[in-house]
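Architecture at a glance
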Amino acid sequence: MGIEEDRAVQAAQDTIVRETDQGYRVLGSPEESITHQHDVDRIPRFDVTEEMLLESGENPEAWLTYGGNYEQHRCTTADVITPDNVADLELEYVMHVGAGSSMEGTPLIVPGDPPVMYQSNGPNHVKAIDAREGEVLWSYTYAVPSDVVLCCDDNNRGVAVLDDKVFMTTLDSGVVALDRYTGEEVWYTSTADHEAGYSATWAPVVYDGKVFTGSAGGEYGVRGFHTALDAETGEEVWHVWTSPEEEWVGDSIEQSCATNWMNATIDTEKNRLYLPIGNPGPDFDGSVRPGPNRNSASTLALDMETGEHLWCHQEVAHDVWDYDSAAPRILIRDMEIDHRDLTTDVVVSAGKTAWVYTMDTDTGELLERSEPGVQQLNMYKMIPHIDEGRRMPFMPGAMGGNDWQPPCYNPELGLAYFKMNNSPQEAWWRFEEYEEGKKYWGGILEDETEAVPEDYNDHISAIVAIDPETGKRVWRDWIDSDAYIWGGTMTTETGVVFTGTQNGEFIAYDGETGERLWEYDVGEVSIAGSPMSWYDPETEKQHVAIQIGGSGWLRRGTGGRDTRLAVFSMEA
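Attention here is on the structure that accompanies the text. Predicted model, so just to flag it, every value in this text is computed and none were measured.

For the rest of this paragraph, the subject is the sheet that holds strand E11 (residues 160-162). Strand order in this open sheet of 4 strands is E11-E12-E13-E14, and the pairing throughout is antiparallel. Single-partner strands in this sheet number two, and they are E11 and strand E14 (185-190). In this sheet, adjacent strand axes meet at a mean angle of 20° when their direction is disregarded.

Dropping the structure here:
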C-alpha cells in the first residue's frame, strides 16, 4: 500500500496553516486523531530501555534521542564515512513523506532487524519507517484544534522513545504517547491552555521514567514553564515557572514569557536539566518590566527530580531585541581549560547574540565567551519608540545569531559547529494592552530594513566552528542567499560535519578545516531539518538522513514546501 492511500497522511495533507494577523492558524485538522497501520509486524518487539538511551551516543547503530545522546552532541561513532571518502557518499533512497508542511525535524533510529525510523513533521504527523527499505510501517496524525495559533508555522522537530512508546509534543501544548509497535494512542496530557497562546513544537526528552517538556507561545504573552510527566501514565510529576515572582521586576509577571521552546539537555551524573530560555515579554516594550528580567534569554539549570532552580546564566539583561537563547545546550565532560588551570564539566550555549558561552555546570559561572560567529553592528543600541519616526537597523537581528538551530560537538576535534544568521532587522517599541490569546509584542519588528548598518558584509548567514575551551572561531563559511539559514548540524567522530542550507545544498565539511568535501543539490527548496546518522550491520552501510523542506516564517527560500526525506549511504 502506498502512502497515497494512507488515511493519516491524507489527514495531514488536509490540515493546513493559514497566516493571519495573529500568526498561523491550523485549519482542516481531523476531528479525531488517525492511525494508519501498514506492516506493523516488521517492527522488532523489544523495549527501548533506559540503558539503551544512556548508551545511544556510543552506539553507531542507534540515534535514540533528539541530540543523538543526552549531552546533545549530535555526533555519531559510526566510522565508515571519513573526510577522505565522503566524496563517494551516494543517495540510497528518497521518500515523499506526504504532508506538505514544516520539515524541521530530526528522525530517530531504533536499531534492530530492520532498524526502525521514527520521523515527524508538521502538523503533528509521525511515521514508523523500515529504515532499510524506506517503507512506512504505520503513520499517525494528531487532531490539532482549529483555534490553535502559532507564531511561526506548524513545526514539529522530533519525537522521543522509551520502552514500548513514542512521545510527541502537540501544537496545542500537549504530549501524546503512542504505542511504538502499532502507532495507537496510549495517553495524552495537556500541559497548558492553548487558547491563552501556549503551543509545543520541540522534541521531548525522556529519562528515568519521566518525559520532560517545556513551553512555547512567547509571542502571545504567556508565562514560561518546564514540566516533568510520568512516561507510563502522562501524569504531571512537577511543574516549575522559569521566572519566579521574587526575581521579576514590573507588572508583567503573568506575561513574562521566558519560554522554553527547545528541549532540555540531561546531565545523568548530576541529575540536572540544562534548559534554553527565550526572551522576556513583551518582546520590545521594556517599560512594563524595568528589571533585568532574570532567567530570560538564559541557560537555566534545574534539579531533575524536583524542578528546583539551581542556577541561571543570563546572556542578555533587559532584552528588548527578541534575543531568545533557544538552541539546545551541549554538555561536555572533563573539559581541560588550560588558561584557567581547570578541568571541569561545562555546558555550552549559543544564542542570538552570536557569542558562544561556556559555563561551569556546578555554578553557571561563565568560563569563556567566544569570538562572535557573525557580525555585531548597532548591537544593544536601544530601539526607538514608534512615535519617534527614526529607524535603527541592528544585528544580529531577531533571527540571530543562533536561533533554535541545534549545534553539534565533535569530542575528537574539540570543536562545536553552529548555523548563524547575519542580517539586520529594525524594531520599534510601543505600549500595548495584553489580551489573552492575542499577539503581545509591545512593538513591531521589520524584516526588510530601509538601510543596513555601515560595515555590513552582505552575507546573510554562516556556518561556524568554535572552540568552546578558548572561544576561538576556528573557521567560518559565509552563505549568500535571499533567505535565512535554518536547521541544525551533525558530525561524525571521524571528523565530517553535515548540514544543509537555505539554498538547497546538503554539505559535508572537513570538521577541522571547514573545507567543503561533498555537496548534494536538492533543488531550490531550503533545508530546515537537522541531519542524523546510523550504521546498519546487516547491509554494512552507514547512512545519513535529512528532511528536505522549509518552514513558513520570513524568507525561507524560494522553493516553497517540500516533503522529502533523503537517505544517503556508504558501504564499509
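Across all of its chains, the model carries 1 disulfide by this definition. Each disulfide pairs two cysteine sulfurs, and for cysteine 151 the partner residue is cysteine 152, the sulfurs being separated by 2.1 Å. Across the S-S bond of cysteine 151 and cysteine 152 the torsion is about -105°, and the bridge reads as left-handed. What makes cysteine 152 buried here is its relative accessible area of 18%. Free of any disulfide, cysteine 75 has its nearest neighbouring cysteine sulfur in cysteine 408, separated by 7.6 Å. The buried category is assigned to cysteine 75, whose relative accessible area is 9%. Here cysteine 257 is not cross-linked by a disulfide; its sulfur's nearest cysteine counterpart is in cysteine 151, at 11 Å. Overall, the relative accessible area of 0% leaves cysteine 257 in the buried class.

Next up on the list: the packing of aromatic side chains. Here the distance between the centres and the angle between the planes together describe a pair of aromatic rings. Taken as a whole, this structure holds 24 aromatic pairs when the rule is applied. Ring centres of tryptophan 321 and tyrosine 380 lie 5.4 Å apart, and the angle between their planes is 55°; on these two criteria the pair is classed as tilted. Pair noted here: tryptophan 321 is in the loop between strand E22 (309-314) and strand E23 (330-337) and tyrosine 380 is in the loop between strand E26 (366-369) and strand E27 (408-410), with a separation of 59 residues, a long-range link. Taking the relative accessible area as the measure of exposure, tyrosine 380 reaches 34% and is therefore partly exposed. Between phenylalanine 506 and tryptophan 518 the ring centres are 5.8 Å apart and the planes differ by 80°, which places this aromatic pair in the edge-to-face class. Highlighted residues: phenylalanine 506 in strand E35 (residues 505-510) and tryptophan 518 in strand E36 (residues 516-521), separated in sequence by 12 residues. One aromatic cluster is present, formed by Phe498, Phe506, Trp518, Tyr520 and Phe568 through successive ring pairs. The ring of tryptophan 404 has arginine 157 sitting right over it, with the charged end atom 4.4 Å from the ring centre. The positively charged end of arginine 369 is found above the aromatic ring belonging to tryptophan 355, 3.5 Å away from the centroid.

In this section: the pairing of strand E1 (residues 16-20). Consecutive residues of a regular strand have side chains that alternate between opposite faces of the sheet. Across 5 bridges, the pairing between E1 and strand E2 (residues 23-27) is antiparallel. Opposite glutamate 19, over in E2, you have tyrosine 24 as the bridge partner. If you look at the hairpin formed by E1 and E2, you'll find 2 residues sitting between the two strands.

We now examine the side chain of threonine 15. Examined against the element boundaries, threonine 15 turns out to sit in the loop between helix H1 (7-14) and E1. On the basis of relative accessible area, threonine 15 is assigned to the buried category, the value being 7%. Ignoring anything within four residues of it in the chain, the contact list for threonine 15 reads Val26, Leu27, Gly28, Ser29, Pro30 and Pro123.

Take the sheet that holds E36 next. Taken together, 5 strands build an open sheet; the order of strands is E4-E33-E34-E35-E36 and the sheet is mixed. Every other strand in the sheet has two partners, leaving strand E4 (75-76) and E36 as the edge strands with one partner each. One ladder, built from 5 bridges, connects strand E34 (residues 496-500) with E35; its direction is antiparallel. Across the sheet, residue valine 497 finds its bridge partner in E35, namely tyrosine 509.

Thresholds applied
- Residues numbered from 1 in each chain as written.
- Predicted model: local features only at pLDDT ≥ 70, side-chain atom pairs only at ≥ 80, totals over all residues.
- Heavy atoms only, no water.
- Pairing = 2+ DSSP bridges.
- Helix = DSSP H or I, 4+ residues; strand = E, 2+ residues; numbered from the N terminus.
- Axes fitted to C-alpha atoms, helices over the stretch in contact; angles between N-to-C directions.
- Disulfide = S-S within 2.5 Å.
- Buried < 20%, exposed > 50% of the residue type's maximum accessible area, 1.4 Å probe, protein only.
- Phe/Tyr/Trp six-rings, centres within 6.5 Å; stacked < 30°, edge-to-face > 60°.
- Lys NZ or Arg CZ within 6 Å of the ring centre and 35° of its normal.
- Contact = heavy atoms within 4.5 Å.

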